[in-house]
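Here are the chains, one letter per residue:
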Amino acid sequence: MRSEFGLSLEGSEPLASVRAMAEVADSSSASTIWLASHLFQREPIATAASILASTRHVKIALMAMSPYSVHPIYSTMAAATLNEQFPGRVKLCFGVGAPRDLEAAGLVAEHPLTTMREAIGIARALLRGETIQHEGQRFRVSGRRLSTGAQGVPLFLAASGPQMLELAGAMADGVLLSAATSPAFIRWTLDLVRKGEQQSGRKITKTALVYVSTDDNETVAHDRLRRTLGFILRGQHHARNLSMAGTSLDQEALAAAYAGEDWETVRALVSDDVVRNHAASGTTEQFNRAINAYENVGIDEIVASGVTTAEQLKQAFRALKSS
């Protein structure tokens with residue numbers, strides 16, 4: 001059984017491009033458009049309303065709403081209101097948030113596990129239509145409920161660390177895994193998610209952001225992703241991801257090249273093998289082979305990341321249909 005196929009938008013895309021890609025996604029039976037909540041980028045709730053109003057089928061996920069920058073009550077209000085108007089087409093995803101973005105806004109992500117546990121619990125109770133009484137370490141809510149009443153909005157958790165992955169399996173309806181991760185690394189993360197599932201006695205949806213690019217020319221496809229992959233994989237926290245994929249990458253040299261905007265060196269360091277191991281990229285055949293590798297480790301929904309134009313998205317859907 002094939003995974004569902006969705007689209008991720010970062011918030012930096014021009015609105016005309018967002019509208020064009022949303023139209024392609026909707027007409028191509030995409031599952032969900034995941035809208036990032038990055039500080040200082042375009043605001044995802046307003047974008048979600050616009051996309052839902054201009055499409056007929058595709059779902060929207062408010063992606064990785066951070067309880068440190070947006071109170072979980074407000075995130076839940078937004079998702080519930082959207083779902084009231086567009087029933088069954090809205091998902092809500094919590095996440096800690098990008099550390100540098102939070103720092104730039106003077107925010108500190110203290111006690112992330114406790115904070116996420118409380119955020120999910122608050123959202124869950126409100127979406128069930130309950131009058132909530134919550135006295136936590138991070139949040140306190142007393143004797144209130146949503147005016148929309150109960151809303152069937154699935155709750156996701158963006159997770160990467162072992163404890164957060166287990167928490168997703170135990171409390172959320174789905175987990176969202178980061179982009180630039182190899183299938184081998186994802187297999188390891190899903191083992192941790194399943195530990196959480198054992199606590200709750202249920203199965204959750206496994207969703208992964210995957211950088212995608214396809215073209216008749218393999219090099220053209222890979223070149224679209226090299227700089228983005230270099231930015232992400234330069235971080236030392238990706239050492240396990242690289243090792244599990246068998247990827248040889250000089251992270252120190254890559255970090256230095258990126259800091260110096262030495263794009264030729266970045267291009268040389270992010271070789272074809274690096275792209276193949278950490279993205280679904282290449283010709284139609286190579287692209288589908290990579291998609292199958294992600295599906296085979298247990299991903300229910302693959303979310304295309306790194307797509308910047310409607311034409312690139314069309315190419316990906318054409319490639320999928322040819323398999």
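Our structure is the block above this text.
Residues numbered from 1 in each chain as written. Predicted model: local features only at pLDDT ≥ 70, side-chain atom pairs only at ≥ 80, totals over all residues. Heavy atoms only, no water.

Participant: Is there a simple way to explain the side chain of Thr189 in this structure?
Facilitator: Position of Thr189 among the secondary structure elements: in helix H7 (residues 183-200). Leave out the neighbours within four places in its chain, and Thr189 touches Leu165 and Leu177. (Helix = DSSP H or I, 4+ residues; strand = E, 2+ residues; numbered from the N terminus. Contact = heavy atoms within 4.5 Å.)

Participant: Please explain helix H1 (residues 15-27) as it appears in this structure.
Facilitator: Since the α-helix turns once every 3.6 residues, residues separated by three or four places project in the same direction. Here H1 spans 18 Å end to end across 13 residues, near enough to the 18 Å set by a 1.5 Å rise per residue. Residues of H1 that are buried in the fold lie against strand E1 (4-9), strand E2 (32-36), helix H2 (44-54) and helix H14 (310-322). Looking one or two places after H1, you find Ser29, whose phi comes out positive at around 65°. (Expected span 1.5 Å × (residues − 1).)

Participant: In this structure, what is going on with unusual backbone geometry? I would like to understand it.
Facilitator: Across the chain, the bulk of peptide bonds are trans and the bulk of non-glycine residues have phi less than zero. Phi is positive for His111, close to 50°, though the residue is something other than glycine. Within the secondary structure, His111 is located in the loop between helix H4 (99-104) and helix H5 (112-127). Note on His111: relative accessible area 57%, which makes it exposed. Phi at Ala180 is positive, roughly 75°, even though this residue is not glycine. (Buried < 20%, exposed > 50% of the residue type's maximum accessible area, 1.4 Å probe, protein only.)

Participant: Sorry if this is basic, but what is going on with the packing of helix H13 (residues 284-296) against H14 here?
Facilitator: When two helices pack together, their arrangement is given by the angle between the helix axes and the distance between those axes. Orientation of H13 relative to H14, taken along the N-to-C sense of each, is 75°, at an axis distance of 9 Å. Taken together, the axis directions place H13 and H14 in an arrangement best described as roughly perpendicular. Residues Thr284, Phe287, Asn288 and Ile291 of H13 lie in contact with H14, whose contacting residues are Ala316, Ala319, Leu320 and Ser322. Here the residues of the contact of H13 with H14 sort into 5 nonpolar, 3 polar and no charged. (Axes fitted to C-alpha atoms, helices over the stretch in contact; angles between N-to-C directions. Parallel < 35°, antiparallel > 145°, perpendicular 65-115°, else oblique. Nonpolar A, V, L, I, M, F, W, Y, C, P; charged D, E, K, R; others polar.)

Participant: Please explain the nonpolar core as it appears in this structure.
Facilitator: Within soluble globular proteins, side chains that are nonpolar generally end up buried alongside one another. The biggest cluster of nonpolar side chains holds 76 residues, and the ones touching the most others in it are Phe5, Ile33, Leu62, Phe94, Leu157 and Phe287. By residue number, the principal contributor to this core is H5, which donates 8 residues. Sequence-distant contacts of Phe5, defined by excluding residues within four places in its chain, comprise Ala30, Ser31, Phe287, Ile291, Ile302, Ala304, Ala316, Phe317 and Leu320. Within the second largest apolar cluster, 27 residues are counted, among which are Phe156, Leu176, Leu242 and Val270. (Core = buried A, V, L, I, M, F, W, Y, C linked by side-chain atoms within 4.5 Å.)

Participant: When you look at the pattern of salt bridges in this model, what are you seeing that I'm missing?
Facilitator: Pairing between side chains becomes possible if they bear opposite charge and their charged atoms approach one another. Taken as a whole and assessed by the stated rule, the structure comprises 17 salt bridges. A salt bridge links Glu130 to Arg128; the nearest nitrogen and oxygen atoms lie 2.6 Å apart. The class for Arg128 is exposed, based on a relative accessible area of 51%. A salt bridge links Asp272 to Arg276, with the shortest nitrogen-to-oxygen separation between them at 3.9 Å. Note that Asp272 and Arg276 are positioned in helix H12 (residues 272-278) at a spacing of 4 residues, about one turn of the helix. The network of salt bridges with common partners includes Glu218, Asp223, Arg226, Arg267, Asp272, Asp273 and Arg276. (Salt bridge = Lys/Arg side-chain N within 4 Å of Asp/Glu carboxyl O.)

Participant: What exactly am I supposed to notice about the layout of surface pockets here?
Facilitator: Left-over empty space is what a probe sized like a water molecule reveals as it rolls over the atoms. In this structure, the second largest pocket encloses a volume near 230 Å³. Lining of the second largest pocket is provided by 14 residues; of these, Arg2, Ser3, Glu4, Phe5 and Leu320 occupy positions nearest its centre. Of all the elements in the fold, those that place two or more residues in the lining of the second largest pocket are E1, H13 and H14. In terms of residue count, H14 provides more of the lining of the second largest pocket than any other element does, 3 residues in total. Tallied by class, the residues present in the lining of the second largest pocket amount to 6 nonpolar, 4 polar and 4 charged. (1 Å grid on protein atoms, 1.4 Å probe; cavity = no way out; pocket = protein on both sides within 12 Å on 5 of 7 lines; lining within 4 Å. Points joined across faces, edges and corners; volume = space filled by probe spheres on them.)

Participant: Would you mind going over empty space enclosed by the protein with me for this structure?
Facilitator: On inspection of all chains with the given rule, the structure shows 2 cavities of 30 Å³ or more. A volume near 80 Å³ is recorded for the largest cavity. Forming the walls of the largest cavity are Leu9, Glu10, Gly11, Glu13, Leu15, Val18, Leu35, Ala36, Arg42, Glu43, Pro44 and Thr47. At the level of elements, H1, E2 and H2 are the ones that each hand at least two residues to the lining of the largest cavity. Looking at the lining of the largest cavity, its residues break down into 6 nonpolar, 2 polar and 4 charged. Considered as a void within the structure, the second largest cavity measures approximately 50 Å³ in volume. Looking at the second largest cavity, the residues that line it are Val212, Ser213, Thr214, Arg224, Phe287, Val307, Gln312 and Ala316. Of all the secondary-structure elements, those providing two or more residues to the lining of the second largest cavity are strand E9 (205-214) and H14. Broken down by element, the lining of the second largest cavity gets its largest block of residues, 3 residues, from E9. Across the lining of the second largest cavity, the residue classes tally to 4 nonpolar, 3 polar and 1 charged.

Participant: What is the right way to read the packing of aromatic side chains from this model?
Facilitator: Any pair of aromatic rings gets described here by the distance separating the centres and the angle formed by the planes. All told, the structure shown has 5 aromatic pairs when counted by the stated rule. Ring geometry for Trp34 against Phe156: centres 5.2 Å apart, planes inclined by 85°, an arrangement best described as edge-to-face. Taken together, the residues span a long stretch of sequence, with Trp34 in strand E2 and Phe156 in strand E7 (residues 155-158) at a distance of 122 residues. Ring geometry for Phe185 and Trp188: centres 5.3 Å apart, planes at 40°, overall tilted. Taken together, the residues Phe185 and Trp188, both in helix H7 and 3 residues apart, mark about one turn of the helix. Taking relative accessible area as the criterion, Phe185 reaches 13% and is therefore assigned buried. Pairwise contacts between aromatic rings join Phe231, Tyr258 and Trp263 into one cluster. In this structure, Arg227 is placed above the aromatic ring of Trp263, and the distance from its NZ or CZ to the ring centre is 4.0 Å. (Phe/Tyr/Trp six-rings, centres within 6.5 Å; stacked < 30°, edge-to-face > 60°. Lys NZ or Arg CZ within 6 Å of the ring centre and 35° of its normal.)

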